[in-house]
Amino acid sequence: MRGFDPYKFGARFYDWFSGERFVYRAGRIVGIDLLRLKRGDVVLDVGCGTGLNFSPLRDAVGSEGLVIGLDSSPHMLNVAQRRIQRRSFDNVHLIEGDAMDFPPSCVDDVLADHGRKPGVSAVFASYTLSVVKDWQQAWSSSMAVIAPGGRVGVVDMQLPTGTVSLLKPLAYLACWMGGSDIHAHPWTAVERDCGEVEETTVRGGHIVVATGTYPVSAAKRRQSPGDTL
């Protein structure tokens, strides 16, 4: 999404006002855990924003691994770059690009700089696909850079259910602030296109986490551990 950047003035304060600490970080942590990353893996963080996923992703892939953050907002990437410098992350690299149409070559170039073959080990999209104009297109672009048998993780929002349904107004407010479509349900692409799918909900069903192996195999199976947090 080139042109107007909705985060131009809010990027510096995004982490404080996004509900990250009390609500949304839990989904990130569960999603990264279910990715089953190994040391040395390369993970593409689609829509990395200010870099909130960088620390847990680096912990998962180790110093031998590589984290690539992709985002269309230069203002969010500026905040992410300061996070990288502040924490001395030497294996996190940023790419400015639109999730819907970034060329695979921009990822492959980073891999080549590190002596790696084309194709990332995993793709992770947390609260990203519901923001873009066409999440199906963003999904296709992301799958174009993943190595066969790679891992995929999607974390996103839906309306709260059950005992926490009274929080629906807050959910709508959070989506309005972040520009998300709470009815997008992009994790359905994991269910459709991946094998070895694991799916769970967090925060009373408000957050859905789905992971799997791409592409889908004949031995596709599905596990549903239930609501975790």
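For clarity, every value in this text was computed on a predicted model and none was experimentally measured.

J.: An account of the packing of aromatic side chains is needed here, citing residue identities and associated values.
T.: In total, this model carries 1 aromatic pair according to the counting rule given. Between Y24 and Y127, the ring centres sit 5.2 Å apart and the planes meet at 80°, which makes this aromatic pair edge-to-face. Note that Y24 is positioned in helix α2 (residues 20–34) and Y127 in the loop between β4 (120–126) and α6 (135–143), a separation of 103 residues in sequence. You can call Y24 buried: its relative accessible area is 8%.

J.: Would you mind going over the nonpolar core in detail, with residue names and values included?
T.: One finds L44, I68, V107, V120, W139 and V190 to be the most contacted residues of the largest nonpolar core, which totals 35 residues. Listed in part, the 27 residues of the second largest apolar core include Y24, F54, L57 and V209.

J.: Just give me the short version of the pairing of strand β3 (residues 92–96), but keep the residues and values in it.
T.: Across 5 bridges, strand β2 (residues 66–71) lies against β3 in parallel orientation. Counted as the bridge partner of V67 is V92 from β3.

J.: How would you summarise the pairing of strand β6 (residues 195–202) if you had to cite specific residues and measurements?
T.: Within β6, 6 of the 8 residues are buried, leaving the element largely enclosed by the surrounding structure. Once β6 ends, the chain turns through 4 residues before running back antiparallel as strand β7 (residues 207–214), passing R203 with a positive phi of about 55°.

J.: I'd like a rundown of helix α5 (residues 104–113), residues and numbers included.
T.: All of the buried residues along α5 are C106, V107, V110 and L111. Viewed end-on, α5 has its buried residues packed into an arc of 140°, placing them on one side of the element. Looking at α5, the residues exposed on the side facing more than 90 degrees away from the buried face are A112 and D113. Buried positions along α5 lie against β1 (42–46), β2, β3 and β4. Count one or two residues on from α5 and you reach G115, which has phi positive near 70°.

Thresholds applied
Residues numbered from 1 in each chain as written. Predicted model: local features only at pLDDT ≥ 70, side-chain atom pairs only at ≥ 80, totals over all residues. Heavy atoms only, no water. Phe/Tyr/Trp six-rings, centres within 6.5 Å; stacked < 30°, edge-to-face > 60°. Helix = DSSP H or I, 4+ residues; strand = E, 2+ residues; numbered from the N terminus. Buried < 20%, exposed > 50% of the residue type's maximum accessible area, 1.4 Å probe, protein only. Core = buried A, V, L, I, M, F, W, Y, C linked by side-chain atoms within 4.5 Å. Pairing = 2+ DSSP bridges. Arc of directions from axis to C-beta. Contact = heavy atoms within 4.5 Å.

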